[in-house]
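Reading the structure
For reference, the chains in residue letters:
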Amino acid sequence: MTDLTSLTIAEARVGLANKSFTSLELTDAHLQAIEGARALNAFVLSTPDQARAMARAADARIAKGEGGPLGGIPLGIKDLFATRNVRTTACSKNLGNFVPPYESTVSSQLWRDGAVMLGKLNNDEFAMGSSNETSCFGPVVNPWRRQGGESAHLVPGGSSGGSASAVAALLCMGATATDTGGSIRQPAAFTATVGMKPTYGRCSRWGIVAFASSLDQAGPIARSVRDAAILMRSMAGHDPRDTTSVNRPVPDYEASIGKSVKGMKIGIPKEYRLDGMSTEIEKLWRDGANWLKVAGAELVEVSLPHTKYALPAYYIVAPAEASSNLARYDGVRYGLRVPGRSISEMYENTRAEGFGAEVRRRVMIGTYVLSAGYYDAYYLRAQKVRTLIKKDFEDCFATGVTAILTPATPSSAFGIGEKGGDPIEMYLNDIFTVTVNMAGLPGIAVPAGKDRQALPLGLQLIGRPFDEETLFTLGEVIEQAAGRFTPERWW
Ligand code: GLN
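My aim in this report is to walk through the structure given alongside it, one point at a time.

1. Comments concerning the overall build of the chain
Counting its regular elements, the chain contains 15 helices and eleven strands. Its C-alpha atoms give the chain a radius of gyration of 21 Å, near enough to 23 Å, the size a compact globule of 491 residues would have. Per-residue burial over the chain gives 62% buried out of 491 residues. Long-range pairs, those at least 24 residues apart, make up 77% of the contacts in the chain between residues at least 6 apart in sequence. About 18200 Å² of surface is accessible on the chain, with carbon and sulfur atoms providing 52% of the total. Each charge class in the chain can be summarised by its mean position, and for the 52 positive and 50 negative side chains these summaries are 2 Å apart.

2. Comments concerning the pattern of salt bridges
One pass over the structure, following the stated rule, counts 21 salt bridges. Here Arg-233 makes a salt bridge to Asp-252, at a shortest N to O gap of 3.6 Å. Here Arg-233, found in helix H7 (residues 225-235), pairs with Asp-252, found in the loop between H7 and strand E7 (265-269); they are 19 residues apart in sequence, far enough to count as distant. A residue is classified by how much of its surface remains accessible, and Asp-252, at 34% relative accessible area, is partly exposed. It is possible to trace a salt-bridge network through shared partners that takes in Arg-13, Arg-226 and Glu-254.

3. Concerning the site of the ligand
As a matter of local geometry, the ligand sits amid 15 residues, with Thr-180, Gly-181, Ser-183, Tyr-314 and Arg-362 nearest to it. Residue Thr-180 places a main-chain N or O atom 2.7 Å away from an oxygen atom belonging to the ligand. One nitrogen or oxygen atom from the main chain of Gly-182 is found 3.2 Å from an oxygen atom belonging to the ligand. Here the ligand has 290 Å² of accessible area as a free molecule, and 100% of this is covered by the chains. The residue makeup of the shell around the ligand, split by class, is five nonpolar, seven polar and three charged.

4. A short note on the packing of aromatic side chains
One pass over the structure, following the stated rule, counts 15 aromatic pairs. Summarising the aromatic geometry, the rings of Tyr-375 and Tyr-379 are spaced 5.3 Å apart at their centres and angled 50° between planes, so their arrangement reads as tilted. Taken as a pair, Tyr-375 and Tyr-379 lie in helix H12 (residues 375-398) at a separation of four residues, close to a single helical turn. Among the residues examined, Tyr-375 registers a relative accessible area of 30% and is labelled partly exposed. Relative to Trp-491, the ring of Trp-490 lies with its centre 5.8 Å away and its plane at 90°, an arrangement referred to as edge-to-face.

5. Thoughts on the nonpolar core
Counting 147 residues, the largest nonpolar core has Phe-126, Leu-171, Leu-292, Phe-393, Leu-405 and Phe-472 as its most contacted members. With ten residues, the top contributor of residues to this core is helix H9 (residues 310-325). Aside from chain neighbours lying at most four places away, what touches Leu-292 is Val-261, Ile-266, Ala-297, Leu-405, Leu-461, Leu-474, Val-477 and Ile-478.

6. Brief notes about the environment of Leu-380
One can find Leu-380 in helix H12. Classification of Leu-380 as partly exposed rests on a relative accessible area of 32%. Along the primary structure Leu-380 and Glu-103 are separated by 277 residues, whereas in three dimensions their C-alpha atoms are 35 Å apart.

7. Regarding the pairing of strand E9 (residues 403-407)
Most of E9 sits inside the fold, with five of its five residues counted as buried. Here E9 shows a buried face lined by Ala-403, Leu-405 and Pro-407 and a second buried face lined by Ile-404 and Thr-406. Of the strand pairs in this sheet, E7 and E9 are connected by two bridges, and their pairing is parallel. Within E9, the position partnered with Ile-266 by the bridge is Ala-403. Pairing analysis gives five bridges linking E9 to strand E11 (residues 456-463), with the strands arranged antiparallel. When the sheet's bridge partners are listed, Thr-406 is paired in E11 with Gln-460.

Parameters at a glance
- Residues numbered from 1 in each chain as written.
- Predicted model: local features only at pLDDT ≥ 70, side-chain atom pairs only at ≥ 80, totals over all residues.
- Heavy atoms only, no water.
- Helix = DSSP H or I, 4+ residues; strand = E, 2+ residues; numbered from the N terminus.
- Rg over C-alpha atoms; globule rule 2.2 N^0.38 Å.
- Buried < 20%, exposed > 50% of the residue type's maximum accessible area, 1.4 Å probe, protein only.
- Contact = heavy atoms within 4.5 Å.
- Areas by Shrake-Rupley, 256 points an atom, 1.4 Å probe, with all protein chains shown as cover.
- Lys, Arg positive; Asp, Glu negative; His and termini not counted.
- Charge placed at Lys NZ, Arg CZ, Asp CG, Glu CD.
- Salt bridge = Lys/Arg side-chain N within 4 Å of Asp/Glu carboxyl O.
- Near = heavy atom within 4 Å.
- Polar contact = N/O pair within 3.5 Å; in protein donor to acceptor, adjacent residues only side chain to side chain.
- Nonpolar A, V, L, I, M, F, W, Y, C, P; charged D, E, K, R; others polar.
- Phe/Tyr/Trp six-rings, centres within 6.5 Å; stacked < 30°, edge-to-face > 60°.
- Core = buried A, V, L, I, M, F, W, Y, C linked by side-chain atoms within 4.5 Å.
- Pairing = 2+ DSSP bridges.

The structure is reproduced here in structure tokens:
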């Protein structure tokens, strides 16, 4: 029997249905893989007893022919999703040992459809970061290493670094993730996994620790485009408990895989061709465009003129919303409490000790840009820029463009500690991804090649609102052409 952990969800589904193996065997294989991969620090909590109980229950349902769309499939959950009776920390000391009495809508839909929970995955503290180095549990290690003897540990990207690392290292078959400015797509690109950031409102945010509520979206990280489509179907859907969740039927995303791309118009935005862009990224982008062309799509140059303002505007809007969302961590309601002589001092002590440096920086920037004297100059202006960015995309799609192709990241994975000094350098990682959140659009990152250090690189496809299906169709064309990439095991 092949190693059960190397199967895709689509393959495991067949094996489970054929009784080639049970969900309990599949789950045990993954629990063992998790134990053997502690060096990656991808899981902050594994839940073996719960996993086995869920697997046994799944096996019983499968035996009755009632397995469900994800029957018996073991998954990892980003620690930003509340899981009932299972510690949920957002990887912040401030949440401490918070054990939610409720389950996030997205994860509850996965369990409804038969999936098995292996445990909780590491992430940047409150999902703020691009390298998973801001977690209170320490950095996650990318299973990919540079070729040629250099064994320095690389970041898996962030904030969903644990999700990406665990999926790439075969510790779970798929994972939940969230994306506020690139946190699904950037780590997917750094680990040769597939990451889908759905249209804003497609997945419920209920029960997900909030970072910037107008930008946050949940989505899957998986090892193939098909697997991402399978997971999306369970994760998406209307939820009356999230007023921004949209009431539209959830399509069978998997059915869009293999559809023809003939006649589709793919936009190549000229503003994404950055000065000093590496020749490898340029080549990757050209390759992707050629593969889509060979498959029958038409390539057109398009312009998204406000692109250069997206990153500065994002780093005003996101911290502003974060500062307001994080006001609730006051030492009264959740997790950590550090006493003081007065209630204000208790708030201050708790927040000073509970939040890491990056989170404190965001809270301060956010509070500043929302303050009376600066609100118009910064926050309001950033919101206006946001409207212009959204309009750029609308104008582009109005010309008949079906989807837009860009690189997912400006580089491959970098070393742990390498970008520690300058926050701006870290923020530049999101240059190709934040526009999509600002406009509320769907975006997928698909592995598309490797750089000269043999590290994976990804391409991004951006779609019209609620047209995730086309992104799955196009993403699979790239996947077919580029092939799939698996890191060599060293951990
Ligand atoms: N890297 C971006 C940030 O730090 C995006 C994070 C995210 O998408 N959650 O804000």
